[in-house]
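The primary structure of each chain is shown beneath.
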Amino acid sequence: MSEREVLHYFLEDAAHLRPEHDAVVEPNESAISYAGLQDLSNRLRDRLVHVGVRRGDRVGVYLRKSIDSVAALFGILKAGAAYVPVDPFGPPARNAYILNDCSVRAAIVEERFAEKFHAESDRLGRRIPNTILLDSAGGGRYLGVALEREQARDAACPAETLANSPNDLAYILYTSGSTGKPKGVMLSHENATSYVHWCSQVFQPNRDDRFSSHAPFHFDLSILDIYVPIKHGATLVLIGEELGKDPGRLAPVISEQKITMWYSTPSILSLLAEYGKLSQHDYSSLRVVNFAGEVFPIKHLRALKSLLPHPRYFNLYGPTETNVCTYFELPATISDDQIRPFPIGKTCSHVKTKVVDEQGRGVAPGEQGELLVAGAGVMQGYWNLPEMTARAFLPDDAGRRWYRTGDIVAENQDGDYIIIGRRDRMIKKRGFRIELGEIETALYRHPMVKEAAAIALSDEDVGVRIKAFLSCQDGRHPSIIELKRFCSENLPSYMVPDLFSIQETLPKTSTAKIDYQGLKEIA
Amino acid sequence: MAEINSELKEFILKEFLPGESPEQLTDSTPLITGGILDSLATLKLVAFLEERYKIQVQAHEADVEHLNNINSIAGLVQSKL
């Protein structure tokens, strides 16, 4: 059989081959078999087609992580549409903006989030046309009940699972945008499946594997988490939002669930090493630990490897626009003189990379330049932002589109890329990608704020801290507590500045722009 | 109890609100719902409570119900002494 190029066929195949096997598990709660997941997602497909969802449409997912939300993703894909997952704990105004921006045809929403979400949608002047409301999320029960309720009200006929083209849009993931609004990264079935097949080659999954799903679904780490186990008929173990942040509760769950393949940002792995009491549990099932999203401080990585020495560790690298495009396997032991973070490694086989200077010319091996990526993993573009999309790519003479990562890298003697820095104002904090401009835009919305500037400070212990500098109208300024409250209502929690500094006026360059270099000096 | 409150206030100001005027932080200022304590800060706070007062905070107690302001944190500590 040739390799599948459309995501939902992974589920169709697994449901045919091993219908009774656990497809998705919620720790201590419930599980759903492949046959069950197939049936539940087919029923959602039927409902979506019935309300008018067609190939190429977008459908929002506003649910906590659960069997229900996994079934929702597949139901949307089977209807031929693309899913747009939002952070259910993110600010409702931001989520309403996202689902309005890509004009979703329908949304699947948990009751507890619905009121605020609809209020924010109404403020934008567009209520989501077809909302399927779930009383809660967990076990797949609530999606099942919601669909029965809809069916009793207005019966839908069975529809066909759509045979999408590999170039059709599969999902849109919104990331922080420098203009102050999140931007939608459009990814196709082929973008995802080419990456999933690469994962198969490198990690050699088998049907007895148990994969963790730690990252939220609006985060690109979820693509490996969800689709690699389902392709192989293995089991996906969902780590919910609350559990995922709590190393004391999470550590025993990884052991009890016999997780074999772990994938997360370094920050939760650091917390597990520090607070998880890992030596008290059995991790003999764990064979691969993947991490991505930010630099893993060597101090914390060393602590983790000494507690869990036997798994293979991989540093995976790639922005949402390409998902993983380079990888590096850590040596079995970390030598004592290793003080720099490990490289991001070599190029994955489903994409190509090159390093160019500011004029777009290739640099000699070992010299610094911007990392560009082309090939099957690279996004189609940003939703409804043709100019930003054009700027994101550098076409070559053969017409190939190279995505500009913005990361400055150099190749070391072993042929592995190492990260040097960024060419713009994007940062990574706890694996989340943050445009400092988006924080500034939010601060400017505060009525007392006259000027705002945010910078990132590197911190030995936590990696990165964000410091905001403000000047205010008429010498009166909000308290830091008020600023934290204001930011938490307008930004995801990881974007709320850690530190605030109120100034008479912010330092300026000779061209009257905010002098970020000067701010770094006074920070 | 008053002593616990003032120790908590000092810790929270120093760790999570550097630069804030002490009088702005009251015993009822919302900490988690007010964006002052995120998940990482909550872990740090719990580690401080366990270390300083020699108590065990259960996973289900590390939530908005028990930790959202200085009064409720002090109440949690008091109940375990």
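Because the structure is predicted, anything quoted here is derived from the model rather than measured.

Before going further, it helps to spend a moment on the overall build of chain A. The number of helices and strands found in chain A is 16 helices and 26 strands. Against the globule reference of 24 Å for 523 residues, chain A gives a C-alpha radius of gyration of 23 Å, in line with a compact fold. By principal-axis analysis of the C-alpha atoms, chain A measures approximately 65 × 55 × 55 Å. Sorting the 523 residues of chain A into buried and exposed places 59% on the buried side. In chain A, 68% of the contacts between residues at least 6 apart in sequence involve partners at least 24 apart. Within the structure as shown, chain A displays about 21,300 Å² of accessible surface, and the carbon and sulfur contribution to it stands at 48%.

Let us now look at the confidence of the model for chain B. Across chain B, pLDDT averages 94, with 100% of residues at or above 70. Here the predicted complex scores 0.90 on pTM and 0.91 on ipTM.

All names here are of chain A. Taken in spatial order, the three strands line up as β24-β25-β26 in an open sheet, and their pairing is mixed. This sheet does not close on itself; its edge strands, each paired only once, are β24 (449–459) and β26 (499–502). Pairwise comparison of adjacent strand axes, ignoring direction, gives a mean angle of 20° for this sheet. Examined bridge by bridge, β24 and strand β25 (residues 463–472) share ten bridges and lie antiparallel to one another. When the sheet's bridge partners are listed, Asp459 is paired in β25 with Gly463. In the packing of helix α14 (residues 436–444) onto the sheet, contacts are made with β24, β25 and β26, and the angle to β24 comes to roughly 145°.

In this section: the side chain of Lys65(A). All names here are of chain A. Tracing the backbone shows Lys65 in the loop between β3 (58–62) and α3 (67–78). In this structure the side chain of Lys65 is engaged in a polar contact, spanning 2.8 Å, whose partner is the backbone oxygen of Ala215. Polar side-chain contacts of Lys65 include one of 3.2 Å to the backbone oxygen of Ile239.

Here we take up the pairing of strand β5 (residues 106–110) of chain A. Residue and element names in this part refer to chain A. Burial of β5 is extensive: five of the five residues sit out of reach of the surface. With burial as the criterion, each face of β5 is covered, one bearing Ala106, Ile108 and Glu110 and the other bearing Ala107 and Val109. Two elements, β3 and β5, share four bridges in a ladder whose sense is parallel. Paired with Val61 across the bridge in β5 is Ile108. With five bridges connecting them, β5 and strand β6 (residues 130–134) associate as parallel partners. Paired with Val109 across the strands is Leu133, a residue of β6.

All names here are of chain A. With respect to the element layout, Asp46 can be found in helix α2 (residues 34–50). You can call Asp46 buried: its relative accessible area is 13%. Expressed as a C-alpha distance, the spacing of Asp46 and Ala155, which sit 109 residues apart in the sequence, is 9.8 Å. Apart from residues no more than four positions distant in its own chain, Asp46 is found in contact with Ala156, Cys157, Pro158 and Ala159.

With that out of the way, let us pick up the nonpolar core. Counting 132 residues, the largest nonpolar core has Phe203(A), Tyr227(A), Leu316(A) and Leu49(B) as its most contacted members. Per element, the largest residue contribution to this core is eight residues, and it comes from α3(A). The next biggest cluster of nonpolar side chains, apart from the first, holds 31 residues, and it includes Leu286(A), Val289(A), Ile298(A) and Phe342(A).

A word on helix α11 (residues 266–275) of chain A. For an α-helix, 3.6 residues make a turn, and residues three or four places apart therefore share a direction. Within α11(A), eight of the ten residues are buried, leaving the element largely enclosed by the surrounding structure. Here α11(A) has its buried residues at Pro266(A), Ser267(A), Ile268(A), Leu269(A), Ser270(A), Leu271(A), Leu272(A) and Ala273(A). Along its buried surface, α11(A) packs onto α9 (241–244), α10 (247–256), β11 (261–264), β12 (288–291) and α12 (298–307) of chain A together with α2 (39–53) of chain B. Within two residues after α11(A), Lys277(A) carries a phi angle of roughly 50°, on the positive side.

This brings us to the pairing of strand β10 (residues 235–238) of chain A. Residue and element names in this part refer to chain A. Both faces of β10 are covered, namely the face carrying Thr235 and Val237 and the face carrying Leu236 and Leu238. As paired elements, strand β1 (residues 22–26) and β10 share two bridges and run parallel to each other. Opposite Val24, over in β10, you have Leu236 as the bridge partner. Of the strand pairs in this sheet, strand β9 (residues 210–213) and β10 are connected by four bridges, and their pairing is parallel. Paired with Ser212 across the strands is Val237, a residue of β10.

A word on the state of the cysteines. Residue and element names in this part refer to chain A. One pass over the structure, following the stated rule, counts zero disulfides over all chains. Lacking any disulfide linkage, Cys325 is separated from the closest cysteine sulfur, that of Cys348, by 6.5 Å. There is no disulfide at Cys472, and the cysteine sulfur nearest it, in Cys487, is 12 Å away.

What follows covers the pattern of salt bridges. Residue and element names in this part refer to chain A. Applying the stated rule across the entire model yields 34 salt bridges over all chains. Residue Glu370 is joined to Arg423 by a salt bridge in which the shortest nitrogen-to-oxygen separation is 2.9 Å. Within this pair, whereas Glu370 is found in strand β17 (residues 369–375), its partner Arg423 is found in the loop between β21 (417–422) and β22 (426–429), the two being separated by 53 residues in sequence. Take Glu370: its relative accessible area is 5%, and that puts it in the buried class. Its relative accessible area of 43% is what places Arg423 among the partly exposed residues. Glu489 is the salt-bridge partner of Arg485, the closest N and O atoms lying 2.9 Å from each other. Taken together, the residues span about one helical turn, with Arg485 and Glu489 both in helix α15 (residues 480–490) at a distance of four residues. Three or more residues joined by partner-sharing salt bridges are found here, namely Asp39, Arg43 and Glu148.

In a regular helix each residue adds 1.5 Å, so 17 residues correspond to 24 Å; α2(A) covers 24 Å between its end C-alpha atoms and thus fits that length. The complete set of buried residues in α2(A) reads Tyr34(A), Leu37(A), Gln38(A), Leu40(A), Ser41(A), Asn42(A), Leu44(A), Arg45(A), Asp46(A), Arg47(A) and Leu48(A).

All right, on to unusual backbone geometry then. Residues and elements named next belong to chain A. Non-glycine residue Asn384 carries a positive phi angle of around 60°. Looking at the element boundaries, Asn384 is found in the loop between β18 (381–382) and α13 (386–392). Positive phi, close to 45°, is recorded for Arg430, a residue that is not glycine. Within the secondary structure, Arg430 sits in the loop between β22 and β23 (432–435).

Basis of the calculations
- Residues numbered from 1 in each chain as written.
- Chains lettered and ligands numbered in written order.
- Predicted model: local features only at pLDDT ≥ 70, side-chain atom pairs only at ≥ 80, totals over all residues.
- Heavy atoms only, no water.
- Helix = DSSP H or I, 4+ residues; strand = E, 2+ residues; numbered from the N terminus.
- Rg over C-alpha atoms; globule rule 2.2 N^0.38 Å.
- Buried < 20%, exposed > 50% of the residue type's maximum accessible area, 1.4 Å probe, protein only.
- Contact = heavy atoms within 4.5 Å.
- Areas by Shrake-Rupley, 256 points an atom, 1.4 Å probe, with all protein chains shown as cover.
- pLDDT = per-residue confidence, 0-100.
- Pairing = 2+ DSSP bridges.
- Axes fitted to C-alpha atoms, helices over the stretch in contact; angles between N-to-C directions.
- Polar contact = N/O pair within 3.5 Å; in protein donor to acceptor, adjacent residues only side chain to side chain.
- Core = buried A, V, L, I, M, F, W, Y, C linked by side-chain atoms within 4.5 Å.
- Disulfide = S-S within 2.5 Å.
- Salt bridge = Lys/Arg side-chain N within 4 Å of Asp/Glu carboxyl O.
- Expected span 1.5 Å × (residues − 1).

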